[in-house]
Amino acid sequence: MLDAETLRRYLLDALPGSEVELNDTTGTGDHFEARVISPAFTGKSMVEQHQLVYAPLQQWLKSGELHALALKTYSPEQWKKLGPR
Amino acid sequence: MDPTLKAQFDETVKSHPIVLFMKGNALFPQCGFSARALQLLQPLGPVHTVDVLADPNVRQGIKDYSNWPTIPQVYIHGKFVGGSDILMELAERGELQDLVAAGGK
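Counting of residues starts from 1 at the beginning of each chain's written sequence and follows it residue by residue. Starting at A for chains and at 1 for ligands, labels are handed out in the order in which the entities are written. Owing to the predicted nature of the model, reporting of local features is limited to residues with pLDDT of at least 70; listing and counting of side-chain atom pairs is limited to 80 or more, with chain, interface and lining totals taken over all residues. With hydrogens and water excluded, all non-hydrogen atoms of the structure serve as input to the side-chain values.

You'll find chain B entered in an unreviewed UniProt entry as Glutaredoxin, with Corallococcus coralloides given as the organism.

Under the annotation held in an unreviewed UniProt entry, chain A carries the name BolA/YrbA family protein and is attributed to Corallococcus coralloides. UniProt positions are given in the numbering used here, feature names are shortened, and annotations may be inferred rather than shown by experiment. According to the UniProt record, the Sequence similarities (unreviewed entry) comment for chain A reads "Belongs to the BolA/IbaG family."

Peer 1: Honestly, the pairing of strand S2 (residues 48-51) of chain B in this entry has me stumped. Any pointers?
Peer 2: Remember that side chains alternate between the two faces of the sheet whenever the strand is regular. Residues and elements named next belong to chain B. Sheet analysis places strand S1 (residues 18-22) next to S2, joined by four bridges and oriented parallel. Bridge pairing in S2 links Phe21 to Val50. Consider the strands pointing away from the viewer: the crossover is right-handed when the path from the first strand over the helix to the second runs clockwise. Here a helix means four or more residues in a row that DSSP labels H or I, a strand means two or more in a row labelled E, and each is numbered from the N terminus. Crossover connection from S1 via helix H2 (residues 32-41) to parallel S2: handedness right-handed. Only when DSSP finds a minimum of two bridges between them are two strands counted as paired.

Peer 1: What is the right way to look at the pattern of salt bridges in this model?
Peer 2: Two side chains bearing opposite charge may form a pair once their charged atoms approach each other closely. By definition, a salt bridge exists where a carboxyl oxygen of Asp or Glu is found within 4 Å of a side-chain nitrogen of Lys or Arg. Considering all chains together, one arrives at six salt bridges over all chains under this definition. Where Glu5 of chain A meets Arg8 of chain A, a salt bridge forms, and the shortest distance between an N and an O atom there is 3.4 Å. Here the residue Glu5 of chain A and the residue Arg8 of chain A both occupy positions in helix H1 (residues 4-14), the gap between them amounting to three residues, near one helical turn. Judged by relative accessible area, which is 28%, Arg8 of chain A ranks as partly exposed. By sharing partners, the salt bridges in this structure join Lys72 of chain A together with Glu89, Glu92 and Arg93 of chain B into a single network. When accessible area is computed with a 1.4 Å probe and restricted to protein chains, residues below 20% of their type maximum are described as buried, those above 50% as exposed, and intermediate ones as partly exposed.

Below, the structure written as structure tokens:
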């Protein structure tokens, strides 16, 4: 079981300068929704963006502590293009 | 991974613009995620499907080949695009058809 703040800190360390929003969807600490906007994503395909997020979370994904992460990733440019939502 | 299998995947993803590695086939998808991926892709052009359930070597092999843990998997113009979540998200953003239209560029 994880808490959103721990996850958030890990992601921010791995992807400096990002904006990370996390939501514990079931309240059980193993299913999260995440929105990550990161300069590291610029010019990367969505798969590559997702892999950048998954990499620092491997230990929890492998142990099963983190069961599911519904991920939305954007480069700052992609996010800007979408406009306010 | 096995070089023969790798060569086989190289060949498959290069010889069709849209390739879907799925459970079941286009007529009888054996899994909801595979079915949904197929629905998203079919409007964009002919989809070449590979049934991973037909061969355990392919089922495991494609995961190694893409370095991606789940099925379905989609290749567009020889490039790995992702699984069903990514496909849905790309479709929502209107980027999926761009990938097909870009012709691999």
